[in-house]
Amino acid sequence: MSIQHIAVIGAGIMGNGIAQVCALVGINVVLIDISDEALEKGFAALTSNLERQVRKEAISPADRQAALGRITLTTDYGVLGQADLVIEAATEDLELKKRILKEIDKLTGRDCIIATNTSSLSITELAAVVSRPGHVIGLHFFNPVPMMGLLEVIRGLQTCEATYTAALALSDQIGKIAVAARNRPGFVVNRILCPMINEAIFVLQENLASARDIDIGMQLGCNHPIGPLALADLIGLDTFLAALKSLHEGFDDPKYRPAQLLKEMVAAGYLGRKSGRGFFSYE
Ligand code: NAD
């Protein structure tokens, strides 16, 4: 059975991208955030991304209009009752996500699948707070969602086979390639990526090279399409720090300790692209 109605919780970088890809393939999407301001910001980003796709002739103007017509914005969790699938894409904070999952559990139908887009938190621990933990799964999208072909599908210890099969079907439905991962901090991709970006920040904080040269080094020396510091800015330094902390605490291994410079930049509110300033400036 294909998914018809999705609710996406959190209209930030990831939530608005997830809403966009789902709406483009014909799924009705409710995008939920805590304020009208956050919803408007997310919707503006989504609209301009669709516009860019039209300009590149990746989609037609009619596709864009149809996708926009399938998206509803609200701050009211009461709409969750209609969803076949809820994808939680709110701020990376364990206690917040537990609260949101409990709310989803109360408000959705018994067959509804509850997915989280967490980058690093335990799917098993999140699933444990709901009454039907078998319906919980990790759907880890990549940024920017409309451009990136991968979907990491993470089963918690409790996730049932039907939920996993439905997640793989959704991945097909929205044109992503799924890879299966076990529930460990960082899953597969972030387990490898986060220490690499963190090391680039250590290199910067040691004044070994400038931000520009570190990024050019990795782009031209390793054939990466984007340098590690620009990638951290794209991810959001607060989100990246939260992911590193999960790896550090989850494995209790000092090799994942966040660079001091990263912690200071987050404390200063330099969060990367979303705040206009990170390792590079986006004014
Ligand atoms: P973001 O800061 O851009 O957006 C988070 C949004 O969640 C904000 O709009 C915020 O207002 C909203 N929010 C907070 N509390 C809420 C609540 N109770 N109900 C509804 N909305 C709420 O963050 P993001 O980068 O979109 O990250 C979201 C999730 O996706 C995190 O779990 C993150 O780890 C994960 N993720 C991020 C990336 C990335 O590159 N940024 C990649 C993969 C996964």
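**Structural notes on the site of the ligand**
- Residues in contact with the ligand amount to 25 residues; listed here are only the nearest, Asp33, Tyr77, Glu92, Lys97 and Ser119.
- Take Ile235: an N or O atom from its main chain is 2.8 Å from a nitrogen atom of the ligand.
- Summarising the interface, the protein chains cover 88% of the accessible area of the ligand, which totals 840 Å² for the free molecule.
- Of all the elements in the fold, those that place two or more residues in the shell around the ligand are helix H1 (13-24), helix H4 (94-107) and strand S6 (136-141).
- Looking at the shell around the ligand element by element, the count peaks at three residues for H4.
- Counted by class, the shell around the ligand contains 12 nonpolar, nine polar and four charged residues.
- When residues are assigned to domains, the shell around the ligand turns out to be shared by domain 1 (5-181) and domain 2 (190-275), each giving three or more.

**A few points about the sheet that holds S6**
- Read across the sheet, eight strands follow the order S3-S2-S1-S4-S5-S6-S7-S8 without closing on themselves; strand pairing throughout is mixed. Of all strands in the sheet, those with a lone pairing partner are strand S3 (71-74) and strand S8 (177-182), marking the two edges. Recorded for the sheet is a direction-independent mean angle of 25° between the axes of neighbouring strands.
- Two strands pair when backbone bridges link them, and strand S7 (residues 150-155) and S8 are joined in this way by six bridges, in the parallel orientation. When the sheet's bridge partners are listed, Leu151 is paired in S8 with Ala178.
- Across the sheet, H1 touches strand S1 (5-9), strand S2 (28-32), S3, strand S4 (85-88) and S6, and the angle it forms with S2 is around 170°.

**Thoughts on the packing of aromatic side chains**
- The tally for this structure, following the rule as stated, stands at one aromatic pair.
- Here the basic side chain of Arg155 rests over the ring of Tyr164, its NZ or CZ set 3.5 Å away from the ring centre.
- Geometry around Tyr270 places Arg277 over its ring, the cationic atom sitting 4.0 Å from the centre.

**Remarks on the domain arrangement of the protein**
- If you check the domain split of the protein, you get domain 1 (5-181) and domain 2 (190-275).
- Taken over C-alpha atoms, the centre of domain 1 sits 26 Å from the centre of domain 2.
- Contacts between the two partners involve nine residues from domain 1, matched on the other side by eight residues from domain 2.
- Taken together, the two surfaces of domain 1 and domain 2 that pack against each other cover about 700 Å², and 56% of this comes from carbon and sulfur.
- Joining domain 1 to domain 2, the criterion identifies zero salt bridges.
- For the pair domain 1 and domain 2, the number of links is three residue pairs in polar contact (both at pLDDT 80 or more).

**Digging into the packing of H1 against helix H2 (residues 36-55)**
- Two elements in contact, H1 and H2, have axes separated by 9 Å at closest approach and are oriented at 50°. Classified by the angle between their axes, H1 and H2 sit oblique to one another. Between H1 and H2 the crossing geometry is right-handed. Note on element contacts: H2 touches H1 through Gly42, Ala45, Leu46, Asn49, Leu50 and Gln53, opposite Asn16, Ala19, Gln20 and Leu24.

**Here we look at the nonpolar core**
- Counting 36 residues, the largest nonpolar core has Ile6, Leu139 and Phe141 as the members making the most contacts within it.
- The greatest single-element share of this core, amounting to six residues, is contributed by H1.
- With near-sequence residues (within four places) excluded, Phe141 lies in contact with Met14, Ile18, Ile87, Asn117, Leu150, Leu151 and Ile174.

**Here we look at helix H6 (residues 161-173)**
- Between its first and last C-alpha, H6 extends 18 Å over 13 residues, near the 18 Å set by a 1.5 Å rise per residue.
- Listing the buried residues of H6 in full gives Thr163, Tyr164, Ala167, Leu170 and Ser171. For H6, the buried positions fall inside an angular range of 120° around the axis, keeping them on one side. Among the exposed residues of H6, those pointing more than 90 degrees away from its buried face are Glu161, Ala162 and Asp172.
- Those residues of H6 hidden inside the fold are in contact with S1, S4, strand S5 (113-116), S6, S7 and S8.
- One or two steps after H6, the chain reaches Gly175, where phi turns positive at roughly 75°.

Cut-offs applied
Residues numbered from 1 in each chain as written. Predicted model: local features only at pLDDT ≥ 70, side-chain atom pairs only at ≥ 80, totals over all residues. Heavy atoms only, no water. Near = heavy atom within 4 Å. Polar contact = N/O pair within 3.5 Å; in protein donor to acceptor, adjacent residues only side chain to side chain. Areas by Shrake-Rupley, 256 points an atom, 1.4 Å probe, with all protein chains shown as cover. Helix = DSSP H or I, 4+ residues; strand = E, 2+ residues; numbered from the N terminus. Nonpolar A, V, L, I, M, F, W, Y, C, P; charged D, E, K, R; others polar. Domains from an automatic or database assignment. Pairing = 2+ DSSP bridges. Axes fitted to C-alpha atoms, helices over the stretch in contact; angles between N-to-C directions. Contact = heavy atoms within 4.5 Å. Phe/Tyr/Trp six-rings, centres within 6.5 Å; stacked < 30°, edge-to-face > 60°. Lys NZ or Arg CZ within 6 Å of the ring centre and 35° of its normal. Buried area = accessible area lost by both parts, 1.4 Å probe. Salt bridge = Lys/Arg side-chain N within 4 Å of Asp/Glu carboxyl O. Parallel < 35°, antiparallel > 145°, perpendicular 65-115°, else oblique. Left-handed = near helix turned anticlockwise from the far one by under 90°. Core = buried A, V, L, I, M, F, W, Y, C linked by side-chain atoms within 4.5 Å. Buried < 20%, exposed > 50% of the residue type's maximum accessible area, 1.4 Å probe, protein only. Expected span 1.5 Å × (residues − 1). Arc of directions from axis to C-beta.

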